[in-house]
Structure formats: structure tokens, C-alpha cells
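Here's the letter readout for the chains.
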Amino acid sequence: MDKNNELLTKAYKEIQKNKCLVESDYYRLKYHIMPPVGLLNDPNGFIHFSGEYHVFYQFHPFNTSHGLKYWGHYKSNDLINWESMPIALCPSNWYESHGCYSGSAINNDGVLTLMYTGNVKDDKGNRETYQCIATTEDGVNFKKNIYNPVIYNQPDGYTRHFRDPKVWKYKNMFYMVIGAQNIKEEGRVLLYKSNNLLNWKLVGEIAGSNINRLNDFGYMWECPDLFELNGKDILIVSPQGIKPDGDLYNNIYQSGYFIGELNYKSGEYNHSEFIELDRGFEFYAPQTTLDEKGRRLLIAWMGLPEEEEHPTVKHNWIHCMSLPRVLELKNNKIYQRPVEELKKLRKSEISYKDVKIENEEIELDKIYGDVLELLIEIKEEDALEYGIKLRCSNDNREETIISYNKIDKKITLNRNKSGKGYKGIRRCRLENSDILKLNIFMDTSSLEIFINNGEEVFSSRIYPDKESLKIKFFAKEGSIKLKSVKKWDY
Ligand code: FRU
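So, here's what we can say about the structure. Predicted, not measured: the structure shown is a model, and the values here were computed from it.

### Re the site of the ligand
And step 1. Taken together, Asn-41, Asp-42, Gln-58, Lys-69, Tyr-101, Ser-102, Arg-163, Asp-164, Glu-222, Tyr-284 and Trp-301 make up the full set of residues adjacent to the ligand.
And step 2. Here Asp-42 contributes a side-chain N or O atom positioned 2.7 Å from an oxygen atom of the ligand.
And step 3. A distance of 2.6 Å is found between an oxygen atom of the ligand and a side-chain nitrogen or oxygen belonging to Gln-58.
And step 4. When the ligand is considered free in solution it has 320 Å² of accessible area, and contact with the protein chains removes 92% of it.
And step 5. At the level of secondary structure, the elements contributing two or more residues to the shell around the ligand comprise strand S1 (38–49), strand S5 (100–108) and strand S10 (158–170).
And step 6. A class-by-class count of the residues in the shell around the ligand yields three nonpolar, three polar and five charged.

Here it is as C-alpha cells:
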């Protein structure tokens, strides 16, 4: 058996062997992408190609920690019903012997083409890094290019932390950004160009730590993505090594963006400050694509590196993807909205209007559950603090609290009493909150909270008891009015 078949067979055996154990987990999700077994991390190769959406993912089938990475594959017509496809890439060649690491997809004149990083470790554990190409004719079977690797190692002045190519086309040329670390251990994003995806030329460094007012801004920048949004060049990146600063940068690693203008000739990129994309606990390595409807879509890993003690590991699986979101640039900020298609999943609407709450905590008949969408508009009156509690148990021991404080204008997600798993609080300031709009997606063990039409998003995993299903609304030291509450089961 050749190496590729051998690796594939091993992975499929693992999936088969664990199927019952994995699927018997209450915390499996109902409308998010998950691995069939083992670990899922970054989304890769997100593309809308010939009317179909493809998302690949970093996949370690053999256990729930990071190891030999494959590319798993899902496909969809509508971004909500995802079909699990055969594994797309196995680490079967010398230039990827320790994993087919992250990368992207591009439509090269009708050929769906992947570009990714081949990760190799030598006997002493030293890393080598190779950029590779694979193509498919049927959208299912992928063939690695005979000229692989198309970029051998990293340029002078950089370490072997050199990975995650994101490719796009601009004025008849291919461009690619890649995450890097220089020998001073500063995170960098480099820009390359090519006219055939095989021969690449370095244009230059476009951004990094200790450049452009970014003092001490990380030792490695992973998973860059560069694209145009409303006339600006946005660079998304996941830097590692930024210290927490008040409400900011509280997760182990961050993902955020710059707004700027890229000079494609010189590689100069004048950009804004770094803005975090998501304020929740689990969000990393997002990737975007432009779909055939002209939308800039984003999907992210709802997990973080080095945090692998989620309760699902008992069932031999870990992590999931975020819901796909549409990006828009407004008031010098990226707004993120869940894709419209999700509305197709809505079932049995329950709706309330104009419910006044004063110094109390209330429940609304039929508003409860664990797999649902909520759309809530709260009119601020004189309450100093107000919000909603999700996944509450009967004995009050479990609750996940979303609250807004009128004094400091901050919104908080508190999962200290969310059940099993990691605990903590995340918060951020909201600009204008006369009316607070919350669009909440709960899926058994995931929570995505879109605030004020996507001005902020909190994405997190939570692991409450399966009996903890209550939802409560509260106002402290004054009143609020629930202008509208809508709930749909999913
Ligand atoms: C980000 C990352 C990438 C790498 C991949 C390996 O989470 O570390 O930089 O390509 O994961 O799975």
C-alpha cells in the first residue's frame, strides 16, 4: 500500500472505531462543523467554487491533542447543511511528513487549487517548512503538485516558523501572505507574488511586531489573510505572544485585523491599530473568502491552541468551527453578521413584545433550551445593569451571564458558573447602547453572541448540564423594557 493509502486507511479506521463514543456525547453540536473524531483546529481552503462552499480543516484523527495534521473536508450548497467529504490531504510526502499545515484555496482558471504548509521535524525536533500546492478535478480527490515544494524553507532573516499561505488574485497576478517570525523573534507577515502559483517572488514584509507603532506585538504571527473590504485592504492575523491589557488580549492567543492600504508593488502597508475580531473565549485562526454573491465571508476555529481540556475529550473529539459570518466595514470597524442562510434553520417561533422588568429576574413561557437562536431588543430605562442568563439550572448552580453595565458601558460574558470546562469573564465596551440588540446562537456546547448588528461578537464553548435549560432576563437597580424577544429552535 502506498503511504497515502496507508495514512488514509489508518484515519478512517480511527473514525469508524470511535463513531459510537463520539456520537453519544451530549455536547456534540447540531449546526456547526465538528471533527468526526480527534482534534479540529484552523479552517483551511475556505472557498465558494462552482456554486459550492468548501471548508477544509486542520484535522488530527488519532487523539484530541495536536499531532500529525490532515486536511478534513466539508462542502455545502448553502453554508448551513454541511456534507462531510473524504479527507482531502494526508501528510504522505517527505515535505509534509509531520503534518499538512494550514493554507488556503484559490480558483486557478477553473481549477480548485490548495496552497498549504508542509511541516517537517528532523530527528532533533527541528522544524522545516515547505509551501506546497495540490489540485483537484472532481472536488473530492486532491493531487499534490509534482513541483512541490513550491517554496523551499524561509527567506534569510526568518526562522522556520513560516507557514499558513493565503493566496488571492489581483490584477492578473497571484499574491500570497504568509505568517512568519524573524530571527529577532518578532512576528511578521510577508507578501509574495507569482504568475503561475509555482514560482514565487518575495515582495516584502507588510506588517509585524515593533513596526508601525506595534510595540512588542508578538513573537509569531499565524494565519494571515489579506482582502479588500469597502475599498480598504484588511489584514487579519493571529499573533502569538501579546500580553493582556485590561479587557484586551485575554485569551492565550489573539485574532484581529488592521485596516489599511497596501501598495502591491513595494509591499508597503499603512495600517490602523490592531482590533480584536471576537471578544469571547474561543476564537482563533479565522479565514475569509469572497463568495459568488460578492460577500466577504469569515469562518473561524472556535477553539484555541494549547487549551485542550474540554469535557468532550472523554468522547475522543474536540473543538468546532464558528458559524459563517458576513463582514462589512462601517465606521472604521469590521461588523460581523451571521449569514442570512441561517434563517432557514429557524423552527417554531416564540415571540414577546414590550415586557417591562424592574429590579427582578424573570422567565418567559416557552423561552428555554439548548439548541436555538434568540433575537432580543432591550430598551434601556434606568437600570444600572441588565442582561440575560442562559443555560440556568433549576438549583441556580449553573448559569451563563451576558450583562450590560450602564456606568462603564461594558458588556460582559461570564462563564464562571457555566458548568464544566474553562471558566472566566470577558468584556468589552459598546459605543452606543440606548437599545441593546442581541442575536444569540446556542448549539448544545457553543455560544455565539452578535451584539448591535455585529458591532461586537463573543464566541465561546460552554458545557452546562443537559438539564440546565432555563433562560432568564434581569434588571438591577431600575428597569428595562424587553422591546422584543424572539426565539427559534434549530
Ligand atoms: C494555528 C496553527 C497554524 C498551523 C496549524 C497547525 O492554529 O498553529 O499556524 O499551520 O495551526 O495545525
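Further notes follow.
### Some thoughts on the nonpolar core
And step 1. The biggest cluster of nonpolar side chains holds 45 residues, and the ones touching the most others in it are Ile-33 and Leu-342.
And step 2. Mapped onto this core, the elements with two or more residues apiece are helix H1 (3–23), S1, strand S2 (52–60), strand S3 (70–76), strand S4 (82–89), strand S19 (284–290) and strand S20 (296–301).
And step 3. Among the elements that take part in this core, H1 stands out by supplying five residues, more than any other.
And step 4. Both domains that furnish three or more residues to this core are identified here as domain 1 (3–341) and domain 2 (346–489).
And step 5. Within the second largest apolar cluster, 36 residues are counted, among which are Val-355, Ile-378, Ile-388 and Leu-430.

### Quick word on the sheet that holds S10
What links the strands of a sheet is backbone hydrogen bonding, and the strands pair in either a parallel or an antiparallel sense.
And step 1. The strand order across the open sheet formed by four strands is S10-S11-S12-S13, and the pairing between neighbours is antiparallel. The open sheet has two edge strands, S10 and strand S13 (201–208), and neither has a second partner. Direction aside, neighbouring strands of the sheet carry axes that sit 25° apart on average.
And step 2. Bridge count for strand S11 (residues 173–182) against strand S12 (residues 187–194) is eight bridges, and the pairing is antiparallel. Across the sheet, the residue bridging to Ile-178 is Leu-190, located in S12.

### What about the side chain of Ser-255?
And step 1. Tracing the backbone shows Ser-255 in the loop between strand S15 (232–240) and strand S16 (256–262).
And step 2. Given a relative accessible area of 4%, Ser-255 falls into the buried group.
And step 3. Ser-255 has contacts with Val-237, Ser-238, Phe-274, Glu-276, Leu-277, Phe-283, Tyr-284, Ala-285 and Pro-286, leaving out every residue within four places of it along the chain.

### Topic: the environment of Lys-486
And step 1. Relative to the helices and strands, Lys-486 resides in strand S33 (residues 470–489).
And step 2. In this structure Lys-486 comes out as partly exposed when scored by relative accessible area, which is 27%.
And step 3. Linking Lys-486 and Leu-375, residues 111 residues apart in sequence, is a C-alpha distance of 5.1 Å.
And step 4. Non-local contacts of Lys-486, meaning those with residues more than four positions away in its chain, are made with Glu-349, Ile-350, Ser-351, Glu-373, Leu-374 and Leu-375.

So, how was this worked out
Residues numbered from 1 in each chain as written. Predicted model: local features only at pLDDT ≥ 70, side-chain atom pairs only at ≥ 80, totals over all residues. Heavy atoms only, no water. Near = heavy atom within 4 Å. Polar contact = N/O pair within 3.5 Å; in protein donor to acceptor, adjacent residues only side chain to side chain. Areas by Shrake-Rupley, 256 points an atom, 1.4 Å probe, with all protein chains shown as cover. Helix = DSSP H or I, 4+ residues; strand = E, 2+ residues; numbered from the N terminus. Nonpolar A, V, L, I, M, F, W, Y, C, P; charged D, E, K, R; others polar. Core = buried A, V, L, I, M, F, W, Y, C linked by side-chain atoms within 4.5 Å. Buried < 20%, exposed > 50% of the residue type's maximum accessible area, 1.4 Å probe, protein only. Domains from an automatic or database assignment. Pairing = 2+ DSSP bridges. Axes fitted to C-alpha atoms, helices over the stretch in contact; angles between N-to-C directions. Contact = heavy atoms within 4.5 Å.

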